[in-house]
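Overview (structure and organization)
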Amino acid sequence: MTTLAEMRELTTREYKYGFVTDLETDAVPRGLSEDVIRIISAKKNEPEWLLDWRLKAYRHWLTMEEPRWQNAHYGPIDYQDIIYYSAHKPKVAGPKSLDEVDPEVLAMFNKLGISLAEQGRLSGIAVDAIVDSVSVGTTFKKKLAEVGVIFCSFSEGVQDHPDLIKKYLGSVVPYSDNYFATLNSAVFTDGSFCFIPKGVRCPMELSTYFRINAADTGQFERTLIVAEDAAYVSYLEGCTAPMRDKNQLHAAVVELVALEGAQIKYSTVQNWYPGDKDGKGGIYNFVTKRGKCAGANSKISWTQVETGSAITWKYPSVILQGDNSVGEFYSVALTNNRQQADTGTKMIHIGKNTRSTILSKGISAGHGQNTYRGLVKIMKSAAGARNHTQCDSMLLGEECGAHTFPYIEVKNPTAKVEHEASTSKIGEDQLFYCRQRGIPVEDAVSMIVNGFCREVFKKLPMEFAAEAQKLLGISLEGSVG
Amino acid sequence: MLDIKNLHAKVEGQEILRGIDLRVNAGEVHAIMGPNGSGKSTLAQVLAGREAYDVTGEVLYEGRNLLAMSPEERAVAGIFVAFQYPVEIPGVGNLYFLRTALNAVRKQRGLEELDAMDFLVVAKERMKLVEMDQSFMNRSVNEGFSGGEKKRNEIFQMAVLEPKLAILDETDSGLDIDALRVVAAGVNALRSKDRAMLVITHYQRLLDYIVPDRVHVIANGRIVRSGDKDLALELEKHGYADLDQKAVARMSLTPGATA
């Protein structure tokens, strides 16, 4: 059919963030050992307790086996062939203000469309910019400090707010949690730390932009967000990496803590390099994200748009401990070419009248494989708990796949759990209708898929919803048949 | 404007159109009538560029070889089909969809693209033609629309896109008498000396409201009779069954014709 042929013709997919910036770096030797961990910890001038925590994690990791239950296929990962710490060498030793940030780094971020100037396009958003293993700068720190909000790199957090870090680090994702989270606990290098004190509504969006630049480097960042009683914060992360033939590992951990009446809204637009159309190269995105609604009436909301990475393996989850707390998960995952995604969420209901909503939209194109895996667990204590899950999959073409693995465990008879799922192929009729109105195939596909994802995009902060739509269009180019 | 010669169309090996000849000039309204399964809707689909059909013959549209054009090329060249079963596109706003379509057409015509505000002015004005409620604008394309609302939406789109050749495929089916009157009034308002229309219908009823210049009857994939508007009335009286027999009888008497 012509449609098929035309669509196939468009298979050249451009990853426009695939450039490399030539930065002078300070890296530790390749491979992993207690010595490497000691070096990382020393470079960061960490307190003894944190080094001990890392070593405890490392020793535990040595006893663990890499999980292979996920619905994704990839070759063995050589953990001794990864560089665990790579920092670009600042021209000025330890830049204290944004004015001192290496111009080459600023230029790199400008090229990515992220301005580290405190004026301009993203002027309503504070940014922590992380390249490989270190934060290169955080904007609006002063303005945020005026209302008591702490927003800084994790490393700075360790130096300036050790008590808070000590109190909350590992409180949601313990060092022994799972293979990749444990590895992260041993070798994590940087990330962001946000603390919103009691009663404060964070006056701007906070965001972290992760950039992998150096070759053969793994990025192991750790983000911790704490919202005290009745605090509110909206946080966004974005990520890109250069195009390389070799796979790079990205094993991050994100922990969120919401105390009584607090709300955390966490949005991700993930656009790591996905590999080429034959599946060569790309990022292994093996991430542990979890939030704890520790206080009553608290709320944690995850929104993710996953279009990049060779393999995505993540389940942003919520532990609903406080009574009446609310957990939400809104996801769009797109796999094109040889990409594989195994993603979903876990909602653990512990408190009374806790509520969770799961809305997952999976789009598979090319040879992409897309799996939704989700757990809804209602504990005995969670009287009156409710969950609604909706998983929709859309297939574009004949050679892709969509899979759904919902796990439901209910131990309280008063709970209500609903699960809806659908799988559809992009309709020839819909496409033809658009084309008869003069809309070219490529635009029509993008329009129909965007419509399919609209409920999720609506949850993104306004500034990013448009970018997410555009990204989806680019990622889909030439994908369908 | 449109010149169809010996048009054949097959789907899955089955021949649906068996040699259609038809000429439509600018400013004319032609009605295509015929029983179910006669090939009326197939003709609309083939003219729109539906790829499921294996098509032979010749179709010239403004002197261009229509059959070599993609569906979107035909659309921007001014061909519009009001579908019998308009599809739903969840999550895509009706207005956004239509603006994208209009801008594709405008681009082809060398006109500037309209932004959301300018488009809204055009849309609001054209909505009046089909007495459409503004709330439709913010809903997804055809999603949750009743049959009648979908048909109105098609005519509304036609009013916005201002095609040169409009093909209305059973626009009257599923409409009650009030909706039919509204839709027909919309269509009549769009009649002009530069625009041609092919009105495909099973029933004569629609032609009380949209009075055609010519009426053609399709049976078994061929045009078996052509005439003026009175032909439709005749059909109403005697039905297609009667006509089929007459047509077949006449054709078998025509020298050189094979069944």
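Residues numbered from 1 in each chain as written. Chains lettered and ligands numbered in written order. Predicted model: local features only at pLDDT ≥ 70, side-chain atom pairs only at ≥ 80, totals over all residues.

Secondary structure assignment for chain A yields 12 helices and 23 strands. In chain A, which comprises 481 residues, the share counted as buried stands at 55%. In chain A, of all internal contacts separated by at least 6 residues, the share reaching a separation of at least 24 is 83%. (Helix = DSSP H or I, 4+ residues; strand = E, 2+ residues; numbered from the N terminus. Buried ≥ 20, exposed ≤ 12 C-beta atoms within 10 Å, placed from the backbone. Contact = placed C-beta atoms within 7 Å.)

We now examine the overall build of chain B. Per the secondary structure count, chain B includes eight helices and 12 strands. For chain B, the C-alpha radius of gyration of 19 Å lies close to 18 Å, the compact-globule estimate for 259 residues. Seen through its principal axes, chain B has C-alpha atoms that stretch 60 × 40 × 35 Å. Sequence separation of 24 or more characterises 71% of the internal contacts of chain B that already satisfy a separation of 6 or more. (Rg over C-alpha atoms; globule rule 2.2 N^0.38 Å.)

Residues and elements named next belong to chain A. Ala227, Val233 and Ala258 are the most contacted members of the largest nonpolar core, which has 199 residues in total. In terms of residue count, helix H10 (residues 441–452) provides more of this core than any other element does, seven residues in total. Those residues in contact with Ala227 that lie beyond four places of it in its chain are Ile196, Tyr232, Val233, Ala258, Leu259, Ala262, Gln263 and Ile264. (Core = buried A, V, L, I, M, F, W, Y, C linked by C-beta atoms within 7 Å.)

Let us look at the sheet that holds strand S2 (residues 14–24) of chain B. All names here are of chain B. Spatial strand order, S2-S1-S4-S5: four strands in an open sheet with antiparallel pairing. With one partner strand each, in any of the chains shown, S2 and strand S5 (64–65) form the two edges of the open sheet. As defined by bridge partners, strand S4 (residues 54–61) adjoins S5 across two bridges and the pair is classed as antiparallel. Considered in S5, the bridge of Tyr61 is made with Arg64. Its contacts with the sheet place helix H1 (residues 40–48) against strand S1 (2–11), S2 and S4, and it is angled at close to 75 degrees to S2. (Pairing = 2+ DSSP bridges. Axes fitted to C-alpha atoms, helices over the stretch in contact; angles between N-to-C directions.)

All names here are of chain B. With 15 residues, helix H5 (residues 147–161) should cover 21 Å at 1.5 Å per step; its first-to-last C-alpha distance of 21 Å lies within 8% of that length. Counting buried positions over the 15 residues of H5 gives 12, a clear majority of the element. Restricting attention to buried positions, one finds in H5 the residues Lys150, Lys151, Arg152, Asn153, Glu154, Ile155, Phe156, Gln157, Met158, Ala159, Val160 and Leu161. Once H5 finishes, Glu162 follows within two positions and takes phi at roughly 45 degrees, a positive value. (Expected span 1.5 Å × (residues − 1).)

Quite often, the size of an interface is put as the accessible area lost when its parts meet. Taken together, the contact pairs 20 residues of chain B with 19 residues of chain A. Every element with two or more residues in the side of chain B that touches chain A is listed here: helix H2 (71–76), strand S7 (89–93) and helix H3 (94–108) of chain B.

All names here are of chain B. One way to put it is that helix H4 (residues 116–127) packs onto H5 with a least axis distance of 9 Å and a crossing angle of 130 degrees. As summarised for this structure, H4 and H5 are arranged oblique, according to the angle between their axes. Along this stretch, H4 crosses H5, giving a crossing that reads as right-handed. Between H4 and H5, the contacting residues are Val122, Ala123, Arg126 and Met127 on the first element and Phe156, Ala159 and Val160 on the second. (Parallel < 35°, antiparallel > 145°, perpendicular 65-115°, else oblique. Left-handed = near helix turned anticlockwise from the far one by under 90°.)

So, on to the sheet that holds strand S3 (residues 29–33) of chain B. Residue and element names in this part refer to chain B. The strand order S6-S9-S10-S3-S11-S12 describes an open sheet built from six strands, whose pairing is mixed. The sheet terminates laterally at strand S6 (79–82) and strand S12 (222–227), the two strands that pair on one side only. The sheet shows a mean angle of 20 degrees between the axes of neighbouring strands, taken without regard to direction. Summarising the sheet, strand S9 (residues 165–169) and strand S10 (residues 196–201) pair through five bridges and their orientation is parallel. Pairing of Leu168 across the sheet is with Val199, part of S10.

A separate point is the confidence of the model for chain A. Per-chain confidence: chain A averages 84 in pLDDT, with 83% of residues scoring 70 or above. Mean pLDDT across the secondary structure elements of chain A bottoms out at helix H1 (residues 2–9) of chain A, with 39, and peaks at strand S16 (residues 317–320) of chain A, with 98. (pLDDT = per-residue confidence, 0-100.)

In the Ramachandran plot, Asn353 of chain A falls in the positive-phi region, its phi being about 50 degrees despite a non-glycine side chain. Mapped onto the fold, Asn353 of chain A is located in the loop between strand S18 (340–349) and strand S19 (355–365). A count of 19 C-beta atoms within 10 Å places Asn353 of chain A in the partly exposed class. Here the phi dihedral of Glu131 of chain B falls at roughly 50 degrees; this positive angle occurs in a residue that is not glycine. Along the chain, the position of Glu131 of chain B falls in the loop between H4 and strand S8 (140–141). Given 15 C-beta atoms within a 10 Å radius, Glu131 of chain B is considered partly exposed.

Further remarks concern the environment of Asp115 of chain B. Residue and element names in this part refer to chain B. By the secondary structure assignment, Asp115 is in the loop between H3 and H4. Exposure remark for Asp115: the 10 C-beta atoms within 10 Å place this residue in the exposed category. Taking the C-alpha atoms as reference points, Asp115 and Leu168, separated by 53 residues in sequence, lie 29 Å from one another.

Positionally, Lys107 of chain B belongs in helix H3. Taking C-alpha positions, Lys107 of chain B is 8.5 Å from Val76 of chain B, a pair spaced 31 residues apart along the chain.

Residue and element names in this part refer to chain B. Taken N-terminus to C-terminus, the directions of H3 and H5 make an angle of 35 degrees; their axes are 10 Å apart at the nearest point. Crossing of H3 against H5: the hand is right-handed. Within the contact between the two elements, H3 uses Leu98, Ala101, Leu102 and Val105 and H5 uses Gln157, Val160 and Leu161. Considered class by class, the residues forming the contact of H3 with H5 number six nonpolar, one polar and no charged. (Nonpolar A, V, L, I, M, F, W, Y, C, P; charged D, E, K, R; others polar.)

All names here are of chain B. The share of residues in chain B with pLDDT of 70 or more is 93%, and the mean pLDDT across the chain is 88. Within the model, the stretch residues 251–259 combines pLDDT values under 50 with three contacts to residues more than four positions away or in other chains. Our summary of model confidence lists the complex with pTM equal to 0.81 and ipTM equal to 0.92.

Quick look at H4 of chain B now. Residue and element names in this part refer to chain B. For H4, with 12 residues, the first-to-last C-alpha span of 16 Å sits near the 16 Å given by 1.5 Å per residue. Of all the positions in H4, only Ala123, Arg126 and Met127 are classed as buried. Burial along H4 is one-sided: seen end-on, the buried residues are contained in an arc of 100 degrees. Residues of H4 that are exposed and point over 90 degrees away from its buried face: Met117, Asp118, Val121, Lys124 and Glu125. Summarising the contacts, the buried residues of H4 are in contact with H3 and H5. (Arc of directions from axis to C-beta.)

Residue and element names in this part refer to chain A. Burial along S16 is two-sided: Ser317 and Ile319 facing one way and Val318 and Leu320 facing the other are all buried. Two elements, strand S13 (residues 282–293) and S16, share four bridges in a ladder whose sense is parallel. For Arg290, the partnering residue across the bridge sits in S16 and is Ser317. Examined bridge by bridge, S16 and S18 share three bridges and lie parallel to one another. Bridge pairing in S18 places Leu320 opposite His349.

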